[in-house]
Amino acid sequence: MSRNEDTPRAAALRLLTGVLDEGRTVAELSGPEGPMGVLDPAGRARAQRLALATLRHLGAADAILKPHLRKAPPPAVRAILRLATVEMLQEGAAPHGVVNAAVTMARDGRGTKAMAGLVNAVLRKVAETPQHAWKAQGPQRLPGWLRGRLDSACGRAAVTGIEAAHAAGAPLDLTPKDGDAVALAARVGGVALPTGSVRVTGPVQVSALPGYEAGDWWVQDAAAALPAKLLAPRPGLRVFDLCAAPGGKTLQLAAAGAEVTAVDISEARMARVEENLARTDLSAELIVADVLDWAPSTPAEAILLDAPCSATGTVRRHPDLPFAKDAAGIKPLFELQARLIDRALAMLGPGGRLVYCTCSLLPEEGEAQTAAALDRHADLSAIPAEAPWIEPGWRTDHGALRLRPDFWADRGGIDGFYIAVLGKTG
Ligand SMILES: C[S@@+](CC[C@H](N)C(=O)[O-])C[C@H]1O[C@@H](n2cnc3c(N)ncnc32)[C@H](O)[C@@H]1O
C-alpha cells in the first residue's frame, strides 16, 4: 500500500504549488527527485494530467470556490481546494473519493491540518455545482504580463481566441517518417492535415500506436513541423540544426536525406535526440556545444535555428508556462536570440538559407528579430515562405509565417510559432 504522499493526487498538489508558489515549470519538476519521482508511469501521467487541468481551469475553480469562502485561505489550502474542484467538475471524478482525498491531504499537510474541516465543508458544497454553472465559466485568462503584450501585438479578439484555444488543450500530432500522412492517418486512426502532419484526437497512449516501435513517425505539433519543411531539405544538403534538442526537426531533416549536424548546449536533452534517431533509424552528427562558441570547419548550405524562447506558443500543452514565467525572466532571451542569429549567419555559406523560428507568440522573439537582423546584415535578405499549404492569414512582414493557437480552430488548433526564411547573398 502506498503512503498518502505517494499518490498521484499528492504529486499533482506538489506540482501545482511548485508552479504557482515557486515559479517552476512542470518539466523542471518532473525529474526523479521531483514530486512524481516515486510514481509508476500511469501514476505520473495521472498526476501531470490533474495538475495541468487545474492550471488550465484555475480561474474557473476560483470563481466556483469564491462564494463558499469567507476569506482567502492560505496558499496550501487553496491549492488543495483548486485541485479537488477541477478533479470533480472538469475531470468528472466521483466527489466522494475526491473530497476524502483532499481532506486527507489537508490533515497530512504542513500548516493545513487545522483547516481540514473547512476543506471538507467547502468541497461538499462545490460538489453540488451543476455542470452548466461550471461550463459557463470563461476560459482561463492569461496572466497580465502576457495578456498585455499579446493585446498590443494582435488585438483583444485574437487574445480571447488564444485563451479559448488554451482551454481546449491540444490534440496529438505525428510527423510521418516517409512523408505519407494519408497512409499514416489510416494506420493510426487519425486525420491527415494539409501541412503533412497526422492529427489524432482523444486520449491515446503514444507508445501503443502502430509504428511507434518501428520508428515510422514521431510526436511533433503541426506548427513545429513547418520550419524544417520550409528549409526544403534534400538528399546531401549540408544542414546545421542549431538548438536541436529533443530533435523533432533533426529527424525531419535526416529523413529527407540531408547531411545534418545537430548542435545543442544540453547534454541531457541531446541524449533524447540520440534516442529519437535510434528509434527512427535515422542518422545525424550530434554535437553538444554552445552555438555561440561552436566553430564548424566548413560552412553550412542551410541552417535551421530554433532558438530558445518564452515558449508562449505552446501554452495549450504547457498551461504551467504563463504562471511559472514572467516578463523579467524571458527578457534576456531576446538578446540571446539576436546573438544566435548573428552566430548562425557566420556559419552559413554564400547563397545559403537560414530558417529562424521560435515557438513564441511575442513579436520580440519573432518579427522584431527578423527586422533587426535584416538591419544588422547587409548581405541578408528575407525570402517569402513558399508552400501550397500556407494560408493567407499566416503571412507577416518579410514573407515570414506567424502561427497562433486560435488558427485552425475547427481542426483542433495549432501551436503558436514564428518562422522566417532568410537568405545570405555574396
Ligand atoms: C526550442 S528548443 C529546440 C527544439 C528542437 N529544435 C526540436 O525541434 O526538437 C531550444 C533548445 O535550445 C537549446 N539551447 C539554448 N541555448 C543554447 C545555446 N547557446 N547553444 C546551443 N543550444 C542552446 C536548449 O538546450 C534547447 O534544447
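Residues numbered from 1 in each chain as written. Predicted model: local features only at pLDDT ≥ 70, side-chain atom pairs only at ≥ 80, totals over all residues.

A look at the overall build of the chain
When you go through the chain residue by residue, the secondary structure sums to 16 helices and 12 strands. For the chain, the C-alpha radius of gyration of 23 Å lies close to 22 Å, the compact-globule estimate for 426 residues. Overall size of the chain, expressed as C-alpha extent along the three principal axes, is 75 × 45 × 40 Å. Counting over 426 residues, the chain shows a buried share of 47%. (Helix = DSSP H or I, 4+ residues; strand = E, 2+ residues; numbered from the N terminus. Rg over C-alpha atoms; globule rule 2.2 N^0.38 Å. Buried ≥ 20, exposed ≤ 12 C-beta atoms within 10 Å, placed from the backbone.)

Here we look at helix α16 (residues 367-376)
Turning to α16, its buried residues number three or more, namely Gln369, Thr370 and Ala373. Seen along its axis, α16 keeps its buried residues to an arc of 95°; they face one direction. Lining the buried residues of α16 we find α15 (327-346), β9 (348-358), β10 (380-383) and β12 (417-424). (Arc of directions from axis to C-beta. Contact = placed C-beta atoms within 7 Å.)

Concerning the packing of helix α3 (residues 58-65) against helix α4 (residues 75-89)
The N-to-C vectors of α3 and α4 enclose an angle of 100°; their axes lie 9 Å apart at closest approach. As judged from the angle between their axes, α3 and α4 are roughly perpendicular. Contact with α3, carried on its side by Leu58, Ala61, Ile64 and Leu65, involves Leu81, Arg82, Thr85, Val86 and Leu89 of α4 and no other residues of that element. Of the residues in the contact of α3 with α4, the class split is seven nonpolar, one polar and one charged. (Axes fitted to C-alpha atoms, helices over the stretch in contact; angles between N-to-C directions. Parallel < 35°, antiparallel > 145°, perpendicular 65-115°, else oblique. Nonpolar A, V, L, I, M, F, W, Y, C, P; charged D, E, K, R; others polar.)

Structural notes on the site of the ligand
Around the ligand sit 17 residues, and of these Cys243, Ala245, Ile265, Val291 and Asp306 come closest. For the shell around the ligand, the elements supplying multiple residues, two or more each, are α12 (248-255) and β6 (259-264). Tallied by class, residues from the shell around the ligand come to nine nonpolar, three polar and five charged. (Near = placed C-beta within 6 Å.)

Focus: the nonpolar core
Counting residues in hydrophobic clusters, the biggest one holds 117 residues, and the most contacted among them are Ile80, Ala102, Leu242, Ile303, Leu305 and Ile419. Take this core: its biggest share by element is nine residues, from α4. For Ala102, the contacting residues outside a window of four places in its chain are Ile80, Ala84, Val119 and Leu123. Residues Val159, Ile162, Ala165 and Leu361 belong to the second largest nonpolar core, which totals eight residues. (Core = buried A, V, L, I, M, F, W, Y, C linked by C-beta atoms within 7 Å.)

Quick notes on the UniProt feature "binding site: S-adenosyl-L-methionine" (unreviewed entry) in the chain
Using the residue numbers shown here, the UniProt feature "binding site: S-adenosyl-L-methionine" (unreviewed entry) corresponds to Cys243, Ala244, Ala245, Pro246, Gly247, Gly248, Lys249, Asp264, Asp290 and Asp306. Its location among the elements puts Gly247 in the loop between β5 (238-242) and α12. Judged by the 28 C-beta atoms lying within 10 Å of it, Gly247 falls in the buried class. Ignoring sequence-local partners within four residues, the contact set of Gly247 consists of Ala262, Arg272, Val273, Asn276 and Leu277. (UniProt positions renumbered as here; feature names shortened; annotations may be inferred.)

A few points about the packing of α15 against α16
It is at 10 Å that the axes of α15 and α16 come closest, and there the two elements cross at 45°. Judged by the inter-axis angle, α15 sits oblique to α16. The two elements α15 and α16 meet at a crossing, and its hand is right-handed. Every residue of α16 that contacts α15 at Gln337, Ala338 and Ile341 is listed here: Gln369, Ala372 and Ala373. Taken together, the residues that form the contact of α15 with α16 break down as four nonpolar, two polar and no charged. (Left-handed = near helix turned anticlockwise from the far one by under 90°.)

A short note on helix α5 (residues 95-108)
With 14 residues, α5 extends 20 Å between its outermost C-alpha atoms, agreeing within 8% with the 20 Å of an ideal straight helix rising 1.5 Å per residue. Those residues of α5 lying buried are Val98, Val99, Ala101, Ala102, Val103, Met105 and Ala106. (Expected span 1.5 Å × (residues − 1).)

What to know about the UniProt feature "active site" (unreviewed entry) in the chain
Within this structure's numbering, the places UniProt gives as "active site" (unreviewed entry) are Cys359. With respect to the helices and strands, Cys359 occurs in the loop between β9 and α16. Sequence-distant contacts of Cys359, defined by excluding residues within four places in its chain, comprise Ala224, Cys309, Ala311, Gly313, Thr314, Asp415, Gly416 and Phe417.

Side note on the sheet that holds strand β1 (residues 172-176)
Strand order across the open sheet formed by four strands is β2-β3-β1-β4, with antiparallel pairing between neighbours. A single partner strand is all that each edge strand has here, and the edge strands are β2 (191-192) and β4 (217-219). Looking at chain direction, β1 and strand β3 (residues 198-200) are connected through three bridges and run antiparallel. Residue pairing for β3: Asp173 is matched across the bridge by Arg199. (Pairing = 2+ DSSP bridges.)

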